[in-house]
Amino acid sequence: MSGSLRGHGATVLVTALATVFGVGLLGVTEVIAQATSESVGDDPSVRLMLTIVSFVFTAIAIYVAAVVTTNTVATIVAGRLRTIALVRLLGATAAGERRRLAREGLLAGAAGAAIGMVAAWALVLALVLVGIATGALPDRAYSFITVTMAVPVGAVVLATWLAAWSGSRRVLAVTPVAALGAAVPEGEQPVRARRGRAVVAAILFALGLALLALGIAVGMVSPAGMLIAVIGGIASFTGVIAGSVFVIPQLLRLAGLLLGRDAAAVLGARNALRHPERSSRSAIALVIGVTLVTMFAVAGETFRHTVLQMVTDRWGDAGLQQFDQTLTTMTMILSFLVGFSAVIAAVGLVNALTVGVLQRTREFGLLRALGFSTGQLRRTIAVEAVQLTATAFVLGTALGIGYGWAGAQSLIGSEAGHGRLIPPVVPWWFLVGVAAVAALLALSGSLLPARHATRVSPVQALAVE
Amino acid sequence: MHTPPEQGLVARVEGLSKRYGSGPAAVAALTDVSLGIRSGEFTAIMGPSGSGKSTLMHIMAGLDSPSSGRAWIGEQEITSLGDRELTLVRRRRVGFVFQSFNLVPTLDVEANIRFPFELDGRAPSRDEAAWLDRLIDALGLRARLRHRPAQLSGGQQQRVAIARALGSRPALVFADEPTGNLDSRTGREVLALLSAAAAEYGQAIAMVTHDPIAASHADRVVFINDGRLVADRPRTPAAEISEFMLGIEARS
């Protein structure tokens, strides 16, 4: 049976976005290098530096896309439990079914990467034409397709394949006898004591924190401390993602207590806890997005304030303005680069919420049959979304501030700190904006499909297998 | 204590017990059940809800393991097999028809019927292809081969499931309440098809049901109550089965 791409739309989209980003950055770098080769000479070190920056941000985008893909595949598995049980009953092996899902993921990743590559070329070409037309670029022929573009394309395909493999683990736990059950199985089972996962998550987190601390300590004497801190950040954040299924339900429980006492609110708050895996999958995409943008905002602001302080101390107000200009431009470019990964995370959030709601058509039918009005039902779903957003936002903000400060501290601690820690600078207005966007995404991601899920009559909804 | 399989038995269990939980809270789903299924015979396994008939079928089909006792499909003991071997047993030696959600929703009728071969990674041999053709015609599915399960009625879906179950000529076909979701006329047709498969093709069929009318189509009716085998009858009219069941329920 050949793989189908049903349900993999989100995977195709995020892999295409990650590829557009990676290939596009390299293409733009190439165009800039060619455009400036006559004026400043072809400086290989500048081109190398830009290429490295492109790769770092592409790696972040691919990482986010891989997490989204893992969750997308896990969501697909949750929706296909009954079919998987059926084919297992008829003699399909669990390993074979898992391979098939991983192959579907690979196919989706390859399709997304191909689409993304072509789109990136078209985009760079359009930028070049606009640049020439407006006089921003010298009028000459540019060749922006490079061999290095194979790196992001290959990385996207490989990461998607691995992500699909990792997301399909639950297939192994589906028993064939579930296909014979008269009752439709619940979407998911409660998290069993999976000690292995908890241990790995805890080790990654602890190891990452230790490396972060080491990076900050080394950063007191050398900017190279930042490299250690980056590795520590990646390790500890992977630990957070792996352990999210244990941590996020606890946070959701706390958030649920604050949401009111009527039936719709209580039910919504409990729903988020009843399927800890599904809730964690939806929340984690938001946590990643919020962590990333907060991290760069805090790091950028802390860096800017500290450097401006240093400049004022040494040269007075004279040099300040030009420095501020340069730093602001740099922060804007970084924001754009990291914003792209946040968009990928947003796609993951909306997809997880949408599919989660659609998979629960039957459950909503039952509630309607028991006398819930569509309004009450929508409120229940909205409460779940608000609870999720609040939880993920708080967690992501806390992580982002911590990582952003650690990054700035380890990079410039040796210059600015004089042996002391520099205080983090948190742009609160920015966080308010992030919260608003997150709430908007979460509400639209769950309420739009909820309109569909509640429009079917209770009888039809209950008949859905 | 290895007992050689009796002549003509395609599946059997011996001294089968199944308990859930342990200590004083343990619940016995099956107690010392021994049963053989003969080829060419349509056997109904009857019992009230919670009698243990489903547990018995699950163990006989290698879907569940007993607390004690042994089970065979043909010459092969399945109680000691690992998941991989059991998967192959299900794929090659057992067919399944059940109440609903029988078919893979994303595959059309023909692909569903060929699914066991697909899983085995091989095309049906010329002989097997001819057999599949014969089944497709006999079950009246020729015009529906390109339809998806959602486009079929409940009765048509059961026919496809029967074609799939018989297609690989398994040692035994398990039918779990195959008429539970059907109106009575369509249900009769499905039962007649199962009965004919036993009589004409020599197929062994074990049907789990609590419906006396469905059981009356079988060549043999086995009664389970409270996890024990309480009676083993030849073909019996529905009224008698019904009376016997009422007797069981009154005594328990």
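Here's what I pulled together on the structure shown here. (Residues numbered from 1 in each chain as written. Chains lettered and ligands numbered in written order. Predicted model: local features only at pLDDT ≥ 70, side-chain atom pairs only at ≥ 80, totals over all residues. Heavy atoms only, no water.)

Regarding the overall build of chain A
Across its full length, chain A carries 15 helices and 0 strands. Against the globule reference of 23 Å for 465 residues, chain A gives a C-alpha radius of gyration of 24 Å, in line with a compact fold. Across its three principal directions, the C-alpha atoms of chain A cover 75 × 50 × 40 Å. Expressed as a percentage of the 465 residues in chain A, the buried residues total 50%. Residue pairs at least 24 apart in sequence account for 87% of intrachain contacts in chain A once pairs closer than 6 positions are excluded. Carbon and sulfur atoms provide 72% of the accessible area of chain A, an area that totals close to 21,200 Å². Across chain A, the mean location of the 32 positive side-chain charges is 18 Å away from that of the 19 negative side-chain charges. (Helix = DSSP H or I, 4+ residues; strand = E, 2+ residues; numbered from the N terminus. Rg over C-alpha atoms; globule rule 2.2 N^0.38 Å. Buried < 20%, exposed > 50% of the residue type's maximum accessible area, 1.4 Å probe, protein only. Contact = heavy atoms within 4.5 Å. Areas by Shrake-Rupley, 256 points an atom, 1.4 Å probe, with all protein chains shown as cover. Lys, Arg positive; Asp, Glu negative; His and termini not counted. Charge placed at Lys NZ, Arg CZ, Asp CG, Glu CD.)

Here we look at the pairing of strand 8 (residues 204–209) of chain B
Residue and element names in this part refer to chain B. Of all the 6 residues making up strand 8, 6 are buried; the element is thus mostly covered by neighbouring parts of the structure. Both faces of strand 8 are covered, namely the face carrying Ala-204, Ala-206 and Val-208 and the face carrying Ile-205, Met-207 and Thr-209. Here strand 3 (residues 42–46) runs beside strand 8; their pairing, made up of 5 bridges, is parallel. Within strand 8, the residue paired with Ile-45 across the bridge is Val-208. Crossover handedness for the path strand 7 (residues 172–176) to helix 7 (residues 184–201) to strand 8: right-handed. (Pairing = 2+ DSSP bridges. Right-handed = clockwise from strand over helix to strand, strands pointing away.)

Structural notes on the packing of helix 7 (residues 225–242) of chain A against helix 8 (residues 244–257) of chain A
Residue and element names in this part refer to chain A. Their axes nearest at 5 Å, the elements helix 7 and helix 8 cross at an angle of 70°. Comparing the axis directions of helix 7 and helix 8 gives the class roughly perpendicular. Of helix 8, the residues touching helix 7 (which contributes Val-240, Ile-241 and Ala-242) are Ser-244, Val-245 and Phe-246. For the contact of helix 7 with helix 8, the per-class residue count stands at 5 nonpolar, 1 polar and no charged. (Axes fitted to C-alpha atoms, helices over the stretch in contact; angles between N-to-C directions. Parallel < 35°, antiparallel > 145°, perpendicular 65-115°, else oblique. Nonpolar A, V, L, I, M, F, W, Y, C, P; charged D, E, K, R; others polar.)

Concerning the interface of chain B and chain A
Counting from both sides, the interface comprises 23 residues of chain B and, opposite them, 17 residues of chain A. Taken together, the two surfaces of chain B and chain A that pack against each other cover about 1,900 Å², and 69% of this comes from carbon and sulfur. Of all residues in chain B, B:Arg90, B:Phe98 and B:Phe101 bury the most surface against chain A, accounting for 27% of the area lost on that side. Connecting chain B to chain A are 1 salt bridge. In this structure, the salt-bridge partner of B:Asp83 is A:Arg88, at a minimum N-O distance of 3.2 Å. In this structure, the connection of chain B to chain A is made through 5 residue pairs in polar contact (both at pLDDT 80 or more). Breaking the side of chain B that touches chain A down by element, the ones donating at least two residues are helix 1 (53–60), helix 2 (83–93), strand 6 (94–98) and helix 4 (115–119) of chain B. Of the residues in the side of chain B that touches chain A, the class split is 11 nonpolar, 5 polar and 7 charged. (Buried area = accessible area lost by both parts, 1.4 Å probe. Salt bridge = Lys/Arg side-chain N within 4 Å of Asp/Glu carboxyl O. Polar contact = N/O pair within 3.5 Å; in protein donor to acceptor, adjacent residues only side chain to side chain.)

Here's the deal with a nonpolar patch on the surface
A grouping of A:Val28, A:Ile32 and A:Leu127 is seen on the molecular surface, where their side chains present a nonpolar patch of about 230 Å² in accessible area. Position of A:Ile32 relative to the elements: it lies in helix 1 (residues 9–36). (Patch = residues over 30% accessible without salt bridge, like charges linked within 9 Å, V, L, I, M, F, W, Y side chains within 5 Å.)

Describing the side chain of B:His58
Looking at where B:His58 falls in the secondary structure, it is placed in helix 1. Residue B:His58 is classed as buried on the basis of its relative accessible area, which comes to 15%. Setting aside anything within four residues of it in sequence, one finds B:His58 in contact with A:Val177, A:Leu180, B:Leu63 and B:Asp64.

Quick look at helix 8 of chain A
Residues and elements named next belong to chain A. Look at helix 8: 20 Å from first C-alpha to last across 14 residues, which is about the 20 Å you get at 1.5 Å a residue. Buried within helix 8 we find Ser-244, Val-245, Ile-248, Pro-249, Leu-252, Ala-255 and Gly-256. Axial view of helix 8: buried residues confined to an arc of 120°, hence all on one face. For helix 8, exposure combined with an orientation more than 90 degrees from the buried face picks out Leu-254 and Leu-257. (Expected span 1.5 Å × (residues − 1). Arc of directions from axis to C-beta.)

Remarks on the nonpolar core
Core analysis: the biggest nonpolar cluster contains 67 residues, and A:Phe57, A:Val64 and A:Ile344 have the highest contact counts within it. If we ignore the near neighbours within four places in the chain, the residues touching A:Val64 are A:Ile288, A:Leu292, A:Ser341, A:Ile344 and A:Ala345. Counting 52 residues, the second largest nonpolar core, distinct from the first, contains A:Ile76, A:Ala92, B:Leu30 and B:Phe174. (Core = buried A, V, L, I, M, F, W, Y, C linked by side-chain atoms within 4.5 Å.)

Some remarks on the pattern of salt bridges
All names here are of chain B. Applying the stated criterion across every chain yields a total of 24 salt bridges over all chains. One salt bridge in this structure joins Arg-38 and Glu-41, with 3.5 Å as the shortest N-O distance. The buried category is assigned to Glu-41, whose relative accessible area is 14%. Between Arg-235 and Asp-219 there is a salt bridge, with its nearest N and O atoms 3.1 Å apart. A residue pair is termed long-range when its members are at least 10 positions apart, and Arg-235 in the loop between strand 10 (228–234) and helix 9 (238–251) and Asp-219 in the loop between helix 8 (212–215) and strand 9 (220–225) qualify at 16 residues. Through salt bridges with shared partners, one network takes in Arg-91, Arg-92, Asp-120, Arg-122 and Glu-128.

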